[in-house]
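Remarks on the overall topology
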Amino acid sequence: KSRKTADPAADSSPKLGADKHQDEATLKKNLCVKAAKEHRIPKDLNKVLENKVMETVLDLSYIKLSVVEMTCLGDADSEGIVSKSVSSHSDLIPGVYEGGLKIWECTFDLMDYLSKAEIEFTNKAVLDLGCGAGLLGIVALRGKADRVHFQDFNSTVIDEITLPNVVANCINEGRRMGSGKDRKASKPPSKMPRKAEGSPDVLNRCRFFSGEWSQVSQLLLSSNKPFSKYDIILTSETIYNPDYYSALHDTLAQLLDKNGCVYLASKVHYFGVGGGIYLFEKFIEEKNVFRTSMVKTIDQGLQRCIMAITFKDSC
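Naming follows an unreviewed UniProt entry, where the protein chain appears as protein-histidine N-methyltransferase of Falcunculus frontatus. Regarding the protein chain, the UniProt comment filed under Sequence similarities (unreviewed entry) reads as follows: "Belongs to the methyltransferase superfamily. METTL18 family."

Here's what the structure looks like:
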C-alpha cells in the first residue's frame, strides 16, 4: 500500500524515511477504523421492504441483490460501496467494503451443518458475525433463539440487505420461525414482499450493528443496556485475510460466553489474499485461549471446512 515513487528529499536518510513511512501507515490505520453503530428497526416496516424484490433459498426469503445494487447507486448507499465495488471489479476492498453484498458459498455449508447436526438455538443468545445477508442469524431465529444480533462491517449492508431480510422472514410469518416441520409445510413467499403489519415479537429479539469488530465489541461491552455474552457465534468466510485474525480472535474472546461455541465456516485457502482455515487454526493455537475441532469437511470444488471453537477452560 506504500507509494510506488518516493520524494528523494524526504528519504535522504533511510531510517528517517522508514520512520516517516511507519508514522503515515499508523495514521492511515487509525483514520480507517470504522466506528460502531447500532441500527434501529424502523416503526414502519413497509419502508424497510419498499422497492425490494424477494427471492428464496432453502425456504428463506432474501432480497434480490442485483436490485439492491441498482437502487444503491443513488443516495441509499451513503458509503458508496456499490459504486466502488463496481468500478474496481472487486467483491472485497479492505477497509472499505468487506463483501456483504454477496451471499458466499460457505454460508450455505454452515446452514446445512446447523440443520443436520441439529444445533439447539432455543433460548440461546446468538451473534451473526460478518452477517451480510443475515441468513445464519435468521436460521437461529427460526430455531427460537432468545435474541439474535447481526453485525456487518458496512452500514449500507445492514440497512439495505440484512434488516430487510430479517423483516421479510419475520412479518406475518410466525409459523416460519417454528420447528422444522413448520418450515417444510410453509409456502414460498411471493416475489414482492407482503404488507407488513406492525412489529412482531420476533423482531424485538433482534439488534443490528455495523462497524469494525473491535468497535462493535467496545460498543456492546460499554453500553448502558444490559448485555450478556453470546451462547453461539455464527460466522462465515471471515478469515480470508490474515491481517484480521487478531481482531477476530479478540472479538470472539470478548463476546463469547465462557461455555459458548463459535461455528466458523471457511474455505481451506483463499487464493490471492492468503487466509484459510488451517492458518487461522494455527493462529488460535498460538494464542492458547480456545480449542478447536473440525466438525465438517466439504470436498466439492474448493475444499471447505466448518470449525467449532470453544474456550479451553469451558465445561
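That shown, we press on.
1. Looking at the overall build of the protein chain
A tally of regular secondary structure across the protein chain gives 11 helices and 10 strands. The buried share among the 315 residues of the protein chain stands at 47%. For the protein chain, restricting intrachain contacts to residue pairs at least 6 apart in sequence, the fraction spanning at least 24 positions comes to 69%. As displayed, the protein chain offers around 16,100 Å² of accessible surface, 52% of which is attributable to carbon and sulfur atoms.

2. Observations regarding the pairing of strand S8 (residues 256–267)
Residues in a regular strand point their side chains to alternate faces of the sheet. Summarising burial for S8: 9 of the 12 residues are buried, a large majority. Where strand S7 (residues 230–236) and S8 come together, 6 bridges link them in parallel fashion. Looking at S8, one finds that Ile 232 is bridged to Cys 261. Handedness of the crossover joining S7 and S8 through helix H10 (residues 245–255): right-handed.

3. A few points about the confidence of the model for the protein chain
In low-pLDDT regions, the fine details of the predicted coordinates are not to be read closely. In this model, the protein chain carries an average pLDDT of 81, and 78% of its residues clear a pLDDT of 70 or more. When the criterion is pLDDT under 50, residues 1–18 qualifies, and its contacts beyond four places in sequence or with other chains add up to 6 contacts. This stretch, residues 174–193, has a pLDDT under 50; its non-local contacts, to residues over four places away or in other chains, come to 38 contacts.

4. A few points about the environment of Ser 214
Assignment of secondary structure puts Ser 214 in helix H9 (residues 213–222). Classification of Ser 214 as partly exposed rests on a relative accessible area of 36%.

5. So, the nonpolar core
Ranked by size, the top nonpolar core spans 54 residues in total, and within it Leu 114, Phe 121, Leu 135, Val 166 and Tyr 263 carry the most contacts. With 8 residues, the single largest contributor to this core is helix H7 (residues 155–170). Phe 121 has contacts with Leu 114, Val 126, Val 139, Ala 140, Gly 143, Lys 144, Ala 145, Asp 146, Ile 232 and Leu 234, leaving out every residue within four places of it along the chain. Counting 27 residues, the second-largest nonpolar core is a separate cluster that includes Ile 233, Val 262, Ile 309 and Phe 311.

6. Focus on the pattern of salt bridges
Going through the model one piece at a time under the given rule, you end up with 10 salt bridges. Residue Arg 304 pairs with Glu 105 through a salt bridge whose shortest N-O separation is 3.2 Å. Taken together, the positions of Arg 304 in strand S10 (residues 304–311) and Glu 105 in helix H5 (residues 105–116) put the pair 199 residues apart, joining distant regions of the chain. On the accessibility criterion, Arg 304 (6% relative accessible area) is buried. Asp 112 is the salt-bridge partner of Lys 296, the closest N and O atoms lying 2.8 Å from each other. Of this pair, Lys 296 sits in strand S9 (residues 290–298) while Asp 112 sits in helix H5, placing them 184 residues apart in sequence. Classification of Lys 296 by relative accessible area gives partly exposed; the value is 23%. Overlapping salt bridges bring together Glu 105, Asp 109, Glu 237, Lys 267 and Arg 304 as one network.

7. Overview of the packing of aromatic side chains
By the definition in use, this model includes 10 aromatic pairs. Note on Phe 227 and Tyr 230: the rings are 5.5 Å apart at their centroids and 70 degrees apart in plane angle, and the pair reads as edge-to-face. Assessed through its relative accessible area of 0%, Tyr 230 is described here as buried. Members of the aromatic cluster, each reached through a chain of ring pairs, are Trp 213, Tyr 240, Tyr 244 and Tyr 270. Above the ring of Phe 153, the side-chain terminus of Lys 34 is found at 5.5 Å from the ring centroid. When the ring centre of Trp 104 is taken as origin, the NZ or CZ atom of Lys 102, which lies over that ring, is 4.6 Å away.

8. Quick word on the packing of helix H6 (residues 135–142) against H7
Interaxial distance between H6 and H7 falls to 10 Å at its minimum, and their mutual angle equals 30 degrees. Accordingly, the angle class assigned to the pair H6 and H7 is roughly parallel. Along this stretch, H6 crosses H7, giving a crossing that reads as right-handed. Between H6, through Ile 138, Leu 141 and Arg 142, and H7, the contact on the second element is made entirely by Asn 165, Val 166, Asn 169 and Cys 170. In terms of residue class, the contact of H6 with H7 is made up of 4 nonpolar, 2 polar and 1 charged.

9. Description of H6
Counting buried residues along H6, 8 of its 8 residues qualify, which places the element largely inside the surrounding structure. Where H6 terminates, the next one or two residues include Lys 144, which has phi positive at roughly 70 degrees.

Scoring rules and cut-offs
- Residues numbered from 1 in each chain as written.
- Predicted model: local features only at pLDDT ≥ 70, side-chain atom pairs only at ≥ 80, totals over all residues.
- Heavy atoms only, no water.
- UniProt positions renumbered as here; feature names shortened; annotations may be inferred.
- Helix = DSSP H or I, 4+ residues; strand = E, 2+ residues; numbered from the N terminus.
- Buried < 20%, exposed > 50% of the residue type's maximum accessible area, 1.4 Å probe, protein only.
- Contact = heavy atoms within 4.5 Å.
- Areas by Shrake-Rupley, 256 points an atom, 1.4 Å probe, with all protein chains shown as cover.
- Pairing = 2+ DSSP bridges.
- Right-handed = clockwise from strand over helix to strand, strands pointing away.
- pLDDT = per-residue confidence, 0-100.
- Core = buried A, V, L, I, M, F, W, Y, C linked by side-chain atoms within 4.5 Å.
- Salt bridge = Lys/Arg side-chain N within 4 Å of Asp/Glu carboxyl O.
- Phe/Tyr/Trp six-rings, centres within 6.5 Å; stacked < 30°, edge-to-face > 60°.
- Lys NZ or Arg CZ within 6 Å of the ring centre and 35° of its normal.
- Axes fitted to C-alpha atoms, helices over the stretch in contact; angles between N-to-C directions.
- Parallel < 35°, antiparallel > 145°, perpendicular 65-115°, else oblique.
- Left-handed = near helix turned anticlockwise from the far one by under 90°.
- Nonpolar A, V, L, I, M, F, W, Y, C, P; charged D, E, K, R; others polar.

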